[in-house]
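What the coordinates show
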Amino acid sequence: MGSTSTITATQVAANWGLPIWLVTLLDVVLVLGLAVVAFFIAQRFISKGIRLVAKATAFTWDDVLVERGIFDKLALFAPTVVIQQLTKLIPAYAVFIDRGVGVVSVAIVIWVVGDLLDAANEIYKRFEFAKGRPIQGHLQTTKLVVWTLARITVVALARNRSPTPTFMGPVPVTVLLF
């Protein structure tokens, strides 16, 4: 088996006599274009397929997830995966692209988790035993914890640091104890 190699923008520019900035710009346009195509494929086929399956089942919880658009939001991961995989086409900006993709991925996760918690509340309210036993306060507390952890993670990703020391420091441990 032969090995695969990546042609860089500098090599293309040298071979074709083009300015490096132009080849890099074309690489960026190509990556973004493929990311948009990946989003539309995920949105059109995967999300619609899941919606059809959800409507065909007798369960009501999957209908709530479809109504909340959770599966549509999950389709946002497709462009981030494409961009992450094609980062090697633009090595000069790979670090910034990796950080950006990480931040966007965390934002998508936060958005989906928030909607999942709202959907859980809606599903819970449909049960007879839920009358007089609201869980919305617990879910809002969970959202607050998720948002806090996500903010710490985003700052750590942006600074290219691990969020673990922040999570394991004396202040978070003290908060957990009380």
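The text that follows walks through the structure, step by step, so that each part is easy to find. (Residues numbered from 1 in each chain as written. Predicted model: local features only at pLDDT ≥ 70, side-chain atom pairs only at ≥ 80, totals over all residues. Heavy atoms only, no water.)

1. Details of the side chain of D62
Note that D62 resides in helix α3 (residues 61-67). Although D62 lies buried, it forms no salt bridge, and the closest oppositely charged side chain, R126, sits 7.9 Å away as judged by the N-O distance. Here D62 is in contact with A54, T57 and F71, once residues within four sequence places are set aside. (Helix = DSSP H or I, 4+ residues; strand = E, 2+ residues; numbered from the N terminus. Buried < 20%, exposed > 50% of the residue type's maximum accessible area, 1.4 Å probe, protein only. Lys, Arg positive; Asp, Glu negative; His and termini not counted. Salt bridge = Lys/Arg side-chain N within 4 Å of Asp/Glu carboxyl O. Contact = heavy atoms within 4.5 Å.)

2. Some points on the packing of helix α2 (residues 20-56) against helix α5 (residues 77-85)
For the pair α2 and α5, the least separation of the axes is 7 Å and the interaxial angle reads 145°. The element α2 and its partner α5 pack so that their crossing is right-handed. Contacts between α2 and α5 involve V31, L32, L34, A35, A38, F39 and A42 on the former and, on the latter, A78, P79, V82 and I83. Class assignment for the residues of the contact of α2 with α5 results in 11 nonpolar, no polar and no charged. (Axes fitted to C-alpha atoms, helices over the stretch in contact; angles between N-to-C directions. Left-handed = near helix turned anticlockwise from the far one by under 90°. Nonpolar A, V, L, I, M, F, W, Y, C, P; charged D, E, K, R; others polar.)

3. A closer look at the packing of aromatic side chains
According to the stated counting rule, one finds 3 aromatic pairs in the structure shown. By way of ring pairs, the aromatic residues Y124, F127 and F129 are connected into one cluster. (Phe/Tyr/Trp six-rings, centres within 6.5 Å; stacked < 30°, edge-to-face > 60°.)

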